[in-house]
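Okay, here's what each chain looks like letter by letter:
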Amino acid sequence: MQTITGYTDHTVEARGIAFHYLEWGDPSSPPMVLLHGLTGHAHIWDHMAPQLAERFHVFALDQRGHCDSGYTASYATAEFVDDLDALARVWGIERFVLMGLSMGGHNAMAYAVAHPEQVSRLIVIDIPPKMDRRNAPNYEQASKLAETGHKHYAAFEDAVRDARAGTPTAPEANLRHRTEWNLKKLTDGTLQFKYDPRVSAFWDPADLSGNLGEIAAPTLLVRGGKTVVLQRGVAEAMIAAMPDAELVEVAESGHSVPTDRPEELAPIVLEWLARRKD
């Protein structure tokens, strides 16, 4: 496993849920919040966070139902938005940079619509504003997982093999790092994924396609050049609908850009943030 240090590890309670998060950087620096994607966790940002923390006070969250945060009955967009609003108060931050990948990017857009005064700048990574989850290619598999629960793995390599199926373009070392943080060891010695097995089937993303014009914050939309999630035409339409937005593409990345190409994404984000100072 790669060793990445420099953060502190916390768990707090908000809205009756235990939330786990990582904190990087100087508390006197401008705040930044990072939101992972579906079935992900706070440690997906490990390869970028040290660079981000040179300029920002970074909070990387395990969202509800993921990794070391609590499971819940609902995974609707409004619940994720209210979670972040409550946590911002716990953290004592009033205006911050917000960056999210996939589901986290969708939640970030929804938060920016609901709380425009709190988002100074917005970075959305590889997600459209509207998704038909029931027609998604993996929905049948997700529904089965919700019924049966996670499988047990006798060996770490078996879990990595299954994780590879969902992240085919990730470098091996990064995928292994992401997978290790996403596993727990059971009393019988086997391994099992931490996230709620219901979350993929029960995630209920709101349709934000009619709300993009309400996003007041300068926005950077990041698209993976090899993604199958965010089509180029959809990305261009999103940029046209937002009042102040730019599109950048990381050519050799798939959907999960922070895992696939963190060494490219971090300087892109930092350069854009420097140009778009609050």
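*Asks:* Talk me through the side chain of Thr 219; I want residue IDs and the actual numbers.
*Replies:* Within the element layout of this structure, Thr 219 appears in strand β11 (residues 219-224). Among the polar contacts listed, one links the side chain of Thr 219 to the backbone oxygen of Ala 217, at a separation of 2.9 Å. Dropping the residues within four chain positions of it, Thr 219 is found in contact with Leu 122, Val 124, Met 242, Asp 244, Ala 245, Glu 246 and Trp 272.

*Asks:* Describe empty space enclosed by the protein, and please don't skip the residues or the numbers.
*Replies:* Tallied over the entire structure, the rule returns 2 cavities of 30 Å³ or more. The computed volume of the largest cavity comes to approximately 50 Å³. Contributing to the lining of the largest cavity are Leu 35, Leu 61, Gln 63, Phe 80, Val 81, Asp 83, Leu 84 and Asn 107. In terms of residue count, the dominant contributor to the lining of the largest cavity is helix α2 (residues 77-91) (4 residues). A breakdown of the residues in the lining of the largest cavity according to their chemical character gives 5 nonpolar, 2 polar and 1 charged. Taken as a whole, the second largest cavity spans an internal volume of roughly 30 Å³. If you tally residues by element for the lining of the second largest cavity, the top one is helix α6 (residues 172-181), at 3 residues. Its residues assigned to classes, the lining of the second largest cavity shows 1 nonpolar, 5 polar and 1 charged.

*Asks:* Hey, could you go over the environment of Thr 3 for me, with residue numbers and the actual values?
*Replies:* Inspection of the secondary structure assignment puts Thr 3 in the segment before β1 (7-14). Counting along the chain gives 174 residues from Thr 3 to His 177, while the straight-line C-alpha distance between them is 8.9 Å.

*Asks:* Before we move on, could you go through the pairing of strand β3 (residues 31-35) and cite the residues and values that matter?
*Replies:* Most of β3 is tucked away, with 5 of its 5 residues classed as buried. Strand direction decides the pairing type here: β3 and strand β4 (residues 57-61), joined by 5 bridges, are parallel. Looking across to β4, one finds that Met 32 is bridged to Val 58. In terms of strand pairing, β3 meets strand β6 (residues 96-101) through 4 bridges, oriented parallel. Looking at β6, one finds that Val 33 is bridged to Leu 98.

*Asks:* Help me get a handle on the layout of surface pockets, residues and values and all.
*Replies:* Volume-wise, the largest pocket comes out at about 1600 Å³. The wall of the largest pocket is formed by 46 residues, among which Leu 38, Thr 39, Asn 138, Gly 166 and Ser 200 lie closest to the centre. Those elements giving two or more residues to the lining of the largest pocket turn out to be α4 (139-148), α5 (156-166) and α6. In terms of residue count, α4 provides more of the lining of the largest pocket than any other element does, 5 residues in total. Counted by class, the lining of the largest pocket contains 19 nonpolar, 19 polar and 8 charged residues.

*Asks:* If you had to explain the nonpolar core to someone new, which residues and values would you point to?
*Replies:* Ranked by internal contacts, the top residues of the largest apolar core, which has 38 residues, are Val 33, Trp 91, Leu 98, Met 109, Tyr 111 and Leu 122. In terms of residue count, the dominant contributor to this core is α2 (6 residues). Leu 122 has contacts with Leu 98, Ala 108, Met 109, Ala 112, Ile 215, Ala 217, Pro 218, Thr 219, Leu 220 and Trp 272, leaving out every residue within four places of it along the chain. Formed by 31 residues, the second largest nonpolar core is a distinct cluster that contains Ala 42, Leu 52, Trp 272 and Leu 273.

*Asks:* Give a description of the pattern of salt bridges that names residues and reports values.
*Replies:* A full pass over the atoms with the stated rule returns 21 salt bridges. Two residues, Lys 194 and Asp 68, come together in a salt bridge whose shortest N-O distance is 3.1 Å. One end of the pair, Lys 194, is in the loop between β9 (191-193) and α7 (199-202); the other, Asp 68, is in the loop between β4 and β5 (75-76), with 126 residues separating them in the sequence. On the accessibility criterion, Lys 194 (13% relative accessible area) is buried.

*Asks:* How would you explain the sheet that holds strand β7 (residues 119-125) if you had to name every residue and give the values?
*Replies:* Reading across from one edge, β1-β2-β4-β3-β6-β7-β11-β12 is the order of the 8 strands in this open sheet, with mixed pairing throughout. Of all strands in the sheet, those with a lone pairing partner are β1 and β12 (245-250), marking the two edges. Strand-to-strand twist in this sheet, taken as the mean axis angle between neighbours without regard to direction, amounts to 20°. Taken strand by strand, helix α8 (residues 232-241) contacts β11 and β12, and its axis lies near 155° from that of β12.

Each value, and the rule that gives it
Residues numbered from 1 in each chain as written. Predicted model: local features only at pLDDT ≥ 70, side-chain atom pairs only at ≥ 80, totals over all residues. Heavy atoms only, no water. Helix = DSSP H or I, 4+ residues; strand = E, 2+ residues; numbered from the N terminus. Polar contact = N/O pair within 3.5 Å; in protein donor to acceptor, adjacent residues only side chain to side chain. Contact = heavy atoms within 4.5 Å. 1 Å grid on protein atoms, 1.4 Å probe; cavity = no way out; pocket = protein on both sides within 12 Å on 5 of 7 lines; lining within 4 Å. Points joined across faces, edges and corners; volume = space filled by probe spheres on them. Nonpolar A, V, L, I, M, F, W, Y, C, P; charged D, E, K, R; others polar. Buried < 20%, exposed > 50% of the residue type's maximum accessible area, 1.4 Å probe, protein only. Pairing = 2+ DSSP bridges. Core = buried A, V, L, I, M, F, W, Y, C linked by side-chain atoms within 4.5 Å. Salt bridge = Lys/Arg side-chain N within 4 Å of Asp/Glu carboxyl O. Axes fitted to C-alpha atoms, helices over the stretch in contact; angles between N-to-C directions.

Such coordinate-based values are descriptive only and should not be taken to indicate function.
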